Every structure is written in C-alpha cells, then in structure tokens.
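# Fold and geometry: a report
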Amino acid sequence: MSLLPELARFNENVLSKYQIYNGIFMNLPYDNTSNTGVYLPLFHQVCKSGFEQGKNPTEIIDYFFKKFKDRPREKERIDTMFSFIQYIERQVVLFDAIEDAAFAIINNMEGIGTIRNLKATAFSSHKKEALKTHFKEFKIRPVLTAHPTQFYPGKVLGIITDLSEAVKVNDLSTIKRLLAQLGKTPFFKKIKPTPFDEAVSLVWYLENVFYKSIPEIYSYIQEHIFEGEELENEVINLGFWPGGDRDGNPFVTPEITLDVAEILRQTILKKYYEDVHLLKRKLTFKGVEEIIIRVEKRLYKHVKRSYKVVNFSQKILLKELYAIREILITEHHSLYLEELDYFIKKVKLFGFYFASLDLRQDSRVHYEAFTNMVKELHEKGDKIFPKNYLELSEKEQIEFLSTIKGSVNPEDFSDHMLVKTLASMQAIKTIQYRNGEKGCNRYIISNNQTALNVMQTYAMLRLSGFEEDLPVDVVPLFETVTDLQNAPEVMETLYRNKNYRNHITKRGNKQTIMLGFSDGTKDGGYLMANWSIFKAKEALTAISRKYDIKVLFFDGRGGPPARGGGKTHKFYASLGPTIEDQEVQLTIQGQTISSNFGTQDSCQFNIEQLLSSGITNEVFEPKPMSKAHTKLIEDLANKSYHAYKDFKNHPKFIPYLEKMSTLKYYAKTNIGSRPSKRSNSDTLDFSQLRAIPFVGSWSQLKQNVPGFFGVGTALESYEQSGEFDKVVDFYKSSDFFKTLVENSIMSITKSFFQLTAYMEQDEEFGDFWKLIYEEYSKSKRLLLKLSGHETLMENYPSGKASIKAREEIVLPLLTIQQYALKKIQELQKKENPNKRKIEVYEKMVTRSLFGNINASRNSA
C-alpha cells in the first residue's frame, strides 16, 4: 500500500485520472449537437460563479446562452441542455469507474475493520479462542433489494467493470474505446422494469462479485483464524428481495416469485458447472475422473429450466465431492486438493439457492385478505374457523390461530389479493423443494403493529399446505416510532403463546425481528428514529432473553444516513452488551449495492467491515451506555422529535414537496417496478408515501432535511442552558452517538442551499424555505462545535474529496433541474398552459434525476 496520506492517494489516483480521462471523453464526438464537449466546461464554470454571486438557476442559464450561444432559439436551448444531461450522466459513470479502480489504493485492505486486522488484534490481546468461539456462531446477512434508487442498465454495469479494469492498468486504447461505447449506450429506460428484470440486474452482482469475494473471506477465516480446522458456520449468508417483496408492488406475483427463485438456482448451478469444468481438466486420475464427469453432466442437465422432479441437491453434490476428496488424499498424494476444497466451500456457502429469497407483505393487506378468507370460508360452510371468529377478542383470535389446522386452495376464493397472498405462500413450498429450505424460508410482515398481525400470517402459512412443522420464519417489521415502542409487548404476547413458542423452538430457538430505519426517520426524524430503534433493540433483547429465545435483528437500511445508511458498520461495533448481536442482518439498496459491493475489492472490504464490527462488539466488549448518557440522548431525541414533528405538520410541508421538489417525478424515471406510494390516490397522503422518494426528493433539492432536521434545535437547547459540555463528553465517550453525529454531518456536507436560495423570495414558500435553512445553519454550526472540527468531514478526507468532486460534476445538472422546475411552475400558472412545453420540461426534470442519484451514491 502507498505511504502517501489518504487524501494525496485520492487526488493522485482518482481526481488526476478523472481530469485526464474526462478530457478525452469530452472530445469524443457522439451526439448530434455540435461542440457539447466544448460548451459543458464553460457552462459548469458559469454555474459555479453564478451561485457564488447569488444568482438563481434561471439567471445562470440565461446568462450562459446570452454569452456563449448568441441568444439561441428555445429549441436549441432545450437540445443543448439535454445534451449536457447526457454528457454529465456519463461523466458520473467515468468517475465511478475510476474510483472503483482505485479502491484498494485509497482504502487500507488490511487496516482497522478488516479481518486481518481483527485477527492480529485478537491474537495479540490473547483473545484468539474468544474470536474462534464467536466465529462458530456469528453471521452477517446482507440482503439485496431492488428498491428504486439505482438505474444503471446491465450493459452500463458491464462498461463500468471493463473501464475500471482498463483504468487500473492505464490501458489508454481500451479506455478510449470504452468511453466511445459509453457515449453511444442509452441510459434511459423507456418502460419500467419488471420485478424479474430487477432480479436479473442484481444477479449480475451475485455471479460477478459475491461469488468470488465471499469464498475468499471465508477461506481466510478458516485457514488463518481456525488454522485449517473445519468451520461449520457459513459466516456469510446472502438474502434477496426482488421477486419476493410484494409490499406495495402489485407486479410481484407468485409466478414472478417462482421465476426469480429459479433464476437464482440456475445461476448458482451455472457457476458450479463452470468451476467443475475447470476442475475436470485437473482431476484426470483413476477413481476421480468418472465422478467429476458425472457431476459435470448432472449440473449441465439441471442448469436447464425444468419444473420436473428434482433428483439433485446440495447434499448429493457434496457427497460426490467428498468422495473425490477422499480418493485424492488416499491414492493421489492430495494433488489439486486445495482447488477441490475451495470449490467445496462455495457449495457449502451458496447451496442450490445462491441467495435466500424473502417474501414480504404489508400487515394491512394481510388483515384485509385474512378477513375475506374467513368470510368466504363461512359462506361455503367450511369448518376451519368457528362461526363467531370475527367477533372474538384479539386475545381469543390469537389463541385460536396458534392451533389452527386444515388447508385451503387459493383457487377456491374470489378475492384477488387473498388468492395472490395464499399462492405466494404456497410458492415457498415449491422453492424449498427445488432450491432447498434456505432458498426461501422467511415471511416478513411490514408495518407490523400487533401480535395478531404475526399470527394471521402464521395461520395462513399453516393453511398453505405445510405439515405440522412450519419451515418458515415469521418476521415482524416494526417501523414507526409508536410501533417500535410497542414492539416488546407484541413479542411478549407471542412468546407466551405455547404453540408459537414451540414453533420458535423448532426453528432453532431463534426469532428474527426486522426494524425499519427508513420509515422510522420519515415518521420521527433522524435522532428519534435511531434512538427509538436502539431502545427497541435493548427492550426486545431483554424480553427475548427472559423467555430464553435468541433474537436476531434485521435492519431495514437504505443508502443515506436518513435511511439508516452512512457508516453502518460503526453502529454495529458500538451497540454494547445490552443488544443481542449474534447476527448482523441488513438490507443493501440501490446505489449502495454498486458503490459498496460493486467490485471485488469494495465488496470484500465492506463485508469484512460488517464482520469485524459485529465481532468487535462481542469479543472486545464495549461498555454499555451510562445512565447519564442514556438520559441525555433521550432528551436530545425528544427535543429533535418535537422540532421535526412541528416541521412535518407545517401547512406548507406537503405542498412544498409537491410543487417545489422532484417528488412526483420519481414515478416517471422507470428505475424500479415498485410504485412510489402504497395507495393509488391522486392526492399525496404522507403515511402512504414511500421513504425512498421522500428522502430522495430532499436530496435532489440538495437540502437533505431527513438527515439533520431537529438535530440543531436539540443541540441548541444545551448550548443555551450552558450544558453543551455534557453533549461533548457524550460524543467523545460513545461510538454510537459519534456515529450518529458523523452521519448527520455527511448529510449536511451533501447539502447546497445556494441552489434553491431563490425560493426565499417565493410568495408561497419563502418562509418555509427559511425555516429549513435556519435549521440547517444551526445544525451545521453546532455539529462542528460538537465534533471540534473547523470544516465538515475533516476526519474523512478522501470521503469528503469524493463528495466534493461528485457534487461539482452534477452542479450543471442540478442547475438545469431547478431551471426546468421553475419553467413548469411558470407555464402552469398561465391561463392556457402550453402542455407540449410542460411535457418537455417535465422530461428534462426526470432525466436530470439519474445523474444526481448515481453521483450521490447513497442519496435515497
């Protein structure tokens, strides 16, 4: 690794290379608008100086066309702006590729948070056995989701990969060809992807990145920590949501679920087939050649899609491989044993499923479907439910559902949602038969509010053709502040139910509980959401330990700090002994997949950070939070919550998002298959609004409200009372609080209020904009005071430099977006609005979203 400081390494290997290759890219002719590559740098400079002089986006664009284009007609102005958008989209891709290529140079692959560093620290602290003991049970489970914050088509991902490899070796000829290819490759999706399309896009990462990175990490643990001793625990499991997440997505059908499970199965068997084909060239010895040929033929046969009888499984494949292993050791001097063992590890890690497909649906949808099922069964004279079931109390219903028996056929019902719900549950059985139980064995209930929500799902699963032992984990997802507060009571009700408790026992005495950071922040603000989840985890750990149940927490995290993202691994390293930590499970969404796990280097580094954080918390035993600090953060969270709640209840809150942001344009981007809100209503109901477009819209405005609003107000109260030193002491002594602060600082770093400063003069929204800006200024000042820093993110120099470079690249894009939004508002106010012009500018806004989203890397 280079001895240069981190920032110097970034400047040399990213910024300098970007300037060189961007210069080449800007001179490649690929569009019909002449000299775009010449005009864009000029436009960028005009934008930069314009905002410094206090000009608004309209003034900046008018000045540019007046000075450099000799007052062109409107069509030429529009064509030029669309050409700028196309160029900037590709500049972002170029920067991504260069930064990916330099990942291992900028980041210390053997530094703090890596497995190598963890091993060295544990061994030198005489904690080798403690580390081994923990690795025997500890797991991480990154769950890939298709939530719509990523738009790169597969062909563009391929270009990024090839470009990164060419940049690593400075292959100028290949780089020029790839840049030319990039210029001519379309980005915009004319139609929405299907859930199956989304699954195929994410499978690309499974086969090209995770399939290589995970076995490398696992092998290092086994060979260097366990010193060759057999390690039964897989350590790393992968989860998968595309094709199984039905919450708010009517396009995820049972058929899609089965198709996605099959493509996962086919993909992993295809990878095995490729590896076996290579092994066959080496295992040419007597006794093993016929076995490896037999294995190759069986894999080839099962790669082909078929719903016929499955007579091949992970267990059968491993039996064949261990037979080969025995012969190699006893008869052939262990020749090529290392290569065979490495392949065996892959089969143990990925099975016949590659990644476990989760199913998810909203509790409100379940409640309605379940009620309709009871009613229709009563109408048919079926005896599964007593006639008075719907009149029973909630407690009585729970007790009955825990003992329910019988089976139902989805085709016997008329309610559409009920039919789909039951069919998706029956699909689990098919998937488990073909892919193995781990192929699909969790059903998540989002917006879970009561124990009855869990038991209704449990009962429907029991009625869906499973035998007495239900091979499925029922996972409640608690999201709002109120639901998080009620979660311990809900779980205690379930734990006290004899039959549900027996179900947990049969599932390894483990209960998975999911906690939603995205909707939590949307509901309660940044500090309250994170503190509420921390408290919920403590309370749920305590209640689970009371009933001798091992609770596993599954965090629904997004990309930005406002949705539980940011420096995620630091949270897990700071939790302490009051929170169960046998597994770290979290969703990986949108751009976070490509930015944190898009290459082998970044994937290995970030998986190791997660592994290390969870194990550090257990092996090195951080101290629990003191009573004084608990009282302090409780007060900070409450003060910030009241500030955020007042802000959210402001009469201009919803109108501002509707009229001044890009909120309504998210649905037009064709990034993802899922609608941007749960309901079909034309009016904006905040409770139905998805967290992604909500957080993403603030990001596009460069205001990032969900990542800081209320923080400044809470901190100011301690400054005014002369007790700010208490908060400083908390910051210095608590990694949990420090991580909260650093992530909020990241949100503020990515804000740029000069972009929307013109809104201060808006007749309708001027005061509301000032309210946001005042909280931003307050939060920025006090967070700097708290951290003891002169500038934002000064302790993360390369991260700060990366954000600055990306924000500069998209500055013209942001300017165009705000200009187009203003034009739309002006046109709509006219007595006879020109619909054609409005459509053009709406398309401009929609197109501008892409580059901004991908440049931020964790914007939504």
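Before reading on, note that the structure itself is shown above.
### Here we look at the pattern of salt bridges
For the structure on display, the rule yields 49 salt bridges. Of the charged contacts, one joins glutamate 227 and lysine 128 as a salt bridge, the two residues approaching to 3.2 Å between their closest N and O atoms. Residue glutamate 227 is found in the loop between α10 (195–225) and β2 (239–240), and its partner lysine 128 is found in helix α7 (residues 128–135); the two are separated by 99 residues along the sequence. By relative accessible area, glutamate 227 is classed as exposed at 53%. For lysine 128, a relative accessible area of 25% gives the class partly exposed. Two residues, lysine 271 and glutamate 274, come together in a salt bridge whose shortest N-O distance is 3.3 Å. Separated by 3 residues within a single helix, lysine 271 and glutamate 274 lie in helix α11 (residues 254–280), roughly one turn from each other. Look at lysine 271 and you get buried, because its relative accessible area is 13%. Each of Glu89, Arg90 and Arg847 takes part in a single network of salt bridges with overlapping partners.

### Observations regarding the pairing of strand β6 (residues 510–516)
Taking burial as the measure, the 7 residues of β6 include 6 buried ones, the bulk of the element. Both β6 and strand β7 (residues 550–556) contribute to a ladder of 7 bridges, which runs parallel. Note on β7: the bridge partner recorded for methionine 514 is phenylalanine 554.

### Points about the packing of α11 against helix α14 (residues 337–350)
Remark: α11 packs on α14, axes separated minimally by 11 Å, with the N-to-C direction vectors making an angle of 170°. It follows that α11 is roughly antiparallel to α14 by the angle criterion. Contact residues: Ile268, Tyr272, Asp275, Val276 and Leu279 in α11; Glu339, Leu340, Phe343, Lys346, Val347 and Phe350 in α14. Split by residue class, the contact of α11 with α14 holds 8 nonpolar, no polar and 3 charged.

### Examining helix α15 (residues 363–379)
Its 17 residues place the ends of α15 24 Å apart at the C-alpha level, agreeing with the 24 Å of an ideal helix rising 1.5 Å per residue. Every buried residue of α15 is listed here: Ser363, His366, Ala369, Phe370, Thr371, Asn372, Met373, Val374, Glu376 and Leu377. A distance of 2.7 Å separates the backbone nitrogen of arginine 364 from a side-chain oxygen at the start of α15, and that oxygen is part of aspartate 362. Downstream of α15 by a residue or two, glycine 381 has a phi angle that is positive, lying close to 80°.

### Considering the pairing of strand β5 (residues 473–478)
A regular strand carries its side chains on alternate faces of the sheet. Counting buried residues in β5 gives 6 out of 6 residues, a clear majority hidden from the surface. Both faces of β5 are covered, namely the face carrying Asp473, Val475 and Leu477 and the face carrying Val474, Pro476 and Phe478. One ladder, built from 4 bridges, connects strand β4 (residues 442–446) with β5; its direction is parallel. Counted as the bridge partner of isoleucine 445 is proline 476 from β5. With 2 bridges connecting them, β5 and β6 associate as parallel partners.

### Observations concerning the sheet that holds strand β1 (residues 139–144)
Strand order in this closed barrel of 8 strands is β1-β2-β3-β4-β5-β6-β7-β8, and the pairing throughout is parallel. Across 6 bridges, β1 lies against strand β8 (residues 583–588) in parallel orientation. Residue pairing for β8: proline 142 is matched across the bridge by leucine 586. Packed on one face of the sheet, helix α22 (residues 526–546) meets β6 and β7 and runs near 160° to β7.

### Observations regarding the side chain of serine 602
Relative to the assigned elements, serine 602 resides in helix α25 (residues 600–619). Among the polar contacts made by the side chain of serine 602, one reaches the side chain of threonine 599 at a distance of 3.0 Å. Ignoring anything within four residues of it in the chain, the contact list for serine 602 reads Phe103, Ser595, Asn596 and Phe597.

### Topic: helix α17 (residues 416–435)
Between the first and last C-alpha of α17 there are 28 Å, a value that for 20 residues agrees with the 28 Å anticipated at 1.5 Å per step. Against the buried residues of α17 lie α11, β3 (356–362), α15, β4 and α18 (451–462). Once α17 finishes, glycine 436 follows within two positions and takes phi at roughly 95°, a positive value.

### Brief notes about the nonpolar core
Counting residues in hydrophobic clusters, the biggest one holds 258 residues, and the most contacted among them are Phe135, Phe240, Tyr272, Phe385 and Leu611. In terms of residue count, the dominant contributor to this core is α10 (15 residues). Membership of the second largest hydrophobic core comes to 7 residues, among which are Val143, Trp241, Leu477 and Phe554.

### Side note on the environment of phenylalanine 605
Its location among the elements puts phenylalanine 605 in helix α25. When its relative accessible area of 14% is taken as the criterion, phenylalanine 605 is described as buried. Separated by 196 residues in sequence, phenylalanine 605 and asparagine 409 have C-alpha atoms that sit 47 Å apart. Among all residues touching phenylalanine 605, those that are not within four sequence positions of it are Phe103, Asn107, Asn108, Met109 and Thr114.

### Topic: the packing of α11 against helix α12 (residues 289–303)
Between α11 and α12, the shortest axis-to-axis distance is 9 Å and the interhelical angle comes to 155°. In terms of axis orientation, α11 runs roughly antiparallel to α12. Judged by the twist between their axes, the crossing of α11 over α12 is left-handed. Between α11 and α12, the residues in contact are Arg265, Gln266, Leu269, Lys270, Tyr272, Tyr273, Val276, His277, Leu279 and Lys280 and Ile292, Ile293, Val295, Glu296, Leu299, Tyr300, His302 and Val303, respectively. Among the residues making up the contact of α11 with α12, the classes are represented as 11 nonpolar, 3 polar and 4 charged.

Reading the values: rules and limits
- Residues numbered from 1 in each chain as written.
- Predicted model: local features only at pLDDT ≥ 70, side-chain atom pairs only at ≥ 80, totals over all residues.
- Heavy atoms only, no water.
- Salt bridge = Lys/Arg side-chain N within 4 Å of Asp/Glu carboxyl O.
- Helix = DSSP H or I, 4+ residues; strand = E, 2+ residues; numbered from the N terminus.
- Buried < 20%, exposed > 50% of the residue type's maximum accessible area, 1.4 Å probe, protein only.
- Pairing = 2+ DSSP bridges.
- Axes fitted to C-alpha atoms, helices over the stretch in contact; angles between N-to-C directions.
- Parallel < 35°, antiparallel > 145°, perpendicular 65-115°, else oblique.
- Contact = heavy atoms within 4.5 Å.
- Nonpolar A, V, L, I, M, F, W, Y, C, P; charged D, E, K, R; others polar.
- Expected span 1.5 Å × (residues − 1).
- Polar contact = N/O pair within 3.5 Å; in protein donor to acceptor, adjacent residues only side chain to side chain.
- Core = buried A, V, L, I, M, F, W, Y, C linked by side-chain atoms within 4.5 Å.
- Left-handed = near helix turned anticlockwise from the far one by under 90°.

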